[in-house]
Amino acid sequence: MFPRLLVLVFNPQILVMEFACSVGTFCELLVNLTDEQTNVVKSLGFEYILQIKDVQLRASLLKFLLSRYNVQDGTFTIVGKNLKINHVDVYYILGLPFSGQTVKNIKPLPRDNQLVKMYANKYNKILIKDLLQEIQSGKDTGDHFIRMFMLTFLGTILAPTSSEEVPVSYLGLLGDTSQIKNINWNEFTLGFLMDNVKSVVSGHGTSKYGYKKWPCGNLVLLQVSLVRHHIVFPFFP
C-alpha cells in the first residue's frame, strides 16, 4: 500500500524566505477535479499523487539540512550518517515510479511558439493562479486540460521555481501529451532538486548573511525523506 504523506508543521515566525514548492496549492487543484479529470490523471501514471496531503515546510529544519549538505558527494551528514536522497525516497514520498525516458535538457521556447501563445499571458508568463482558475472553470479532459494540469504539477511539485509562475520552457515537455507517461518524472524531480541544492550550497544562492533564497525544487523531499530514514528532529519548530 502506498504510504500517506505526514503532515508536518512549522513556526511561521521563522520563515524569512519564500518557498517555491507549494503542496497546498496542488492539493487545492486536486480537490476540485471532476471524476473524469481524475481518471485522466491516473491514465498519465500519476495515480498515487492523488493521495498527496499538504505538508508544511519547516524553515529551521531545512536550513539545518542545507548546512549539512556535502557538495562533493551529494550526501547530508546527520548524526554521524551520510544520507543521500534517492529514487526510492521519491517513490515513497510522491509515488513516482523510477522508469521511463530521461529528460536531458529543456530548451527555451520562442514567444511565437503555438503552445506559448496558448498558455502564456501577454507578458510571456504562465501564472499558477491562472492555471487553477482555468481548470476549475471547466470540465475539459483533453490535451488542453492535460497541459494545464502538468504545468501546475511541474510548477508546484515536480520542479517549482516560483510560488507564482511556471517557466514557459516547461511547455517543451508537453507538446505530445501521449508521451507524458513515458517520461521518468522520478529522476527528473530528484535531479532538479539536487542540482538546485548544490547550486545554493555552493554559494550561488548565498550571501554573507546566509542563504538569500531557498533552492528551487521539491523541498518536501528533503524534509520527509528524513522520516523515511528514521531520523527525527524534535528540537526544530
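Right, let's get into the environment of asparagine 113. Looking at the secondary structure, you find asparagine 113 in the loop between helix 4 (87-94) and helix 5 (114-119). For the pair asparagine 113 and leucine 171, spaced 58 residues apart in the sequence, the C-alpha separation amounts to 9.9 Å.

So, on to the packing of helix 1 (residues 23-31) against helix 7 (residues 143-158). Close contact between helix 1 and helix 7 brings their axes to 8 Å; oriented N to C, the two are set at 155°. On the basis of the axis angle, helix 1 is roughly antiparallel to helix 7. As for how helix 1 packs across helix 7, the hand of that crossing is left-handed. Along the contact surface, helix 1 presents Val23, Thr25, Phe26, Leu29 and Leu30, while helix 7 presents Phe149, Thr152, Phe153, Thr156 and Ile157. Looking at side-chain class alone, the contact of helix 1 with helix 7 contains seven nonpolar, three polar and no charged residues.

With the rule as written, the count across this model stands at two salt bridges. With its nearest N and O atoms 3.6 Å apart, the salt bridge here joins lysine 125 to glutamate 165. With lysine 125 in the loop between helix 5 and strand 4 (126-127) and glutamate 165 in strand 5 (residues 165-166), this residue pair connects regions lying 40 residues apart in the sequence. Accessibility expressed as a relative area gives 25% for glutamate 165, which makes it partly exposed.

The next subject is the layout of surface pockets. Its boundaries defined by the atoms lining it, the largest pocket holds a volume of some 190 Å³. Val103, Asn105, Gly172, Leu173 and Ile183 are, among the 13 residues lining the largest pocket, the residues nearest its centre. Of the residues contributing to the lining of the largest pocket, the split by class is five nonpolar, six polar and two charged.

Where nonpolar side chains cluster on the molecular surface, the patch consists of Tyr48, Tyr91 and Tyr92 and spans about 270 Å² of accessible area. Within the fold, tyrosine 48 resides in the loop between helix 2 (35-43) and helix 3 (59-67).

Our focus in this paragraph is the confidence of the model for the chain. When pLDDT is averaged along the chain, the result is 84; 82% of the residues meet or exceed 70. A low-confidence stretch, residues 1-17 stays under pLDDT 50, and its non-local contacts, those more than four residues away or across chains, total 45 contacts.

Time to look at the sheet that holds strand 2 (residues 75-78). Across the sheet, three strands lie side by side as 1-2-3; this open sheet has antiparallel pairing. Here the strands that pair on one side only, and so sit at the sheet edges, are strand 1 (69-70) and strand 3 (81-83). Bridge count for strand 1 against strand 2 is two bridges, and the pairing is antiparallel. The residue of strand 2 that forms the bridge with tyrosine 69 is phenylalanine 76.

To continue, consider the packing of helix 2 against helix 7. Packing of helix 2 against helix 7 brings their axes to within 11 Å, and their N-to-C directions diverge by 70°. Judged on the interaxial angle alone, helix 7 and helix 2 are roughly perpendicular. Of the two possible hands of crossing, helix 2 and helix 7 adopt the one that is right-handed. Across the interface between the two elements, Gln37, Val40 and Val41 from helix 2 touch Phe145, Ile146 and Phe149 from helix 7. Partitioning the contact of helix 2 with helix 7 into residue classes produces five nonpolar, one polar and no charged.

Thresholds, definitions, all that
Residues numbered from 1 in each chain as written. Predicted model: local features only at pLDDT ≥ 70, side-chain atom pairs only at ≥ 80, totals over all residues. Heavy atoms only, no water. Helix = DSSP H or I, 4+ residues; strand = E, 2+ residues; numbered from the N terminus. Axes fitted to C-alpha atoms, helices over the stretch in contact; angles between N-to-C directions. Parallel < 35°, antiparallel > 145°, perpendicular 65-115°, else oblique. Left-handed = near helix turned anticlockwise from the far one by under 90°. Contact = heavy atoms within 4.5 Å. Nonpolar A, V, L, I, M, F, W, Y, C, P; charged D, E, K, R; others polar. Salt bridge = Lys/Arg side-chain N within 4 Å of Asp/Glu carboxyl O. Buried < 20%, exposed > 50% of the residue type's maximum accessible area, 1.4 Å probe, protein only. 1 Å grid on protein atoms, 1.4 Å probe; cavity = no way out; pocket = protein on both sides within 12 Å on 5 of 7 lines; lining within 4 Å. Points joined across faces, edges and corners; volume = space filled by probe spheres on them. Patch = residues over 30% accessible without salt bridge, like charges linked within 9 Å, V, L, I, M, F, W, Y side chains within 5 Å. Areas by Shrake-Rupley, 256 points an atom, 1.4 Å probe, with all protein chains shown as cover. pLDDT = per-residue confidence, 0-100. Pairing = 2+ DSSP bridges.

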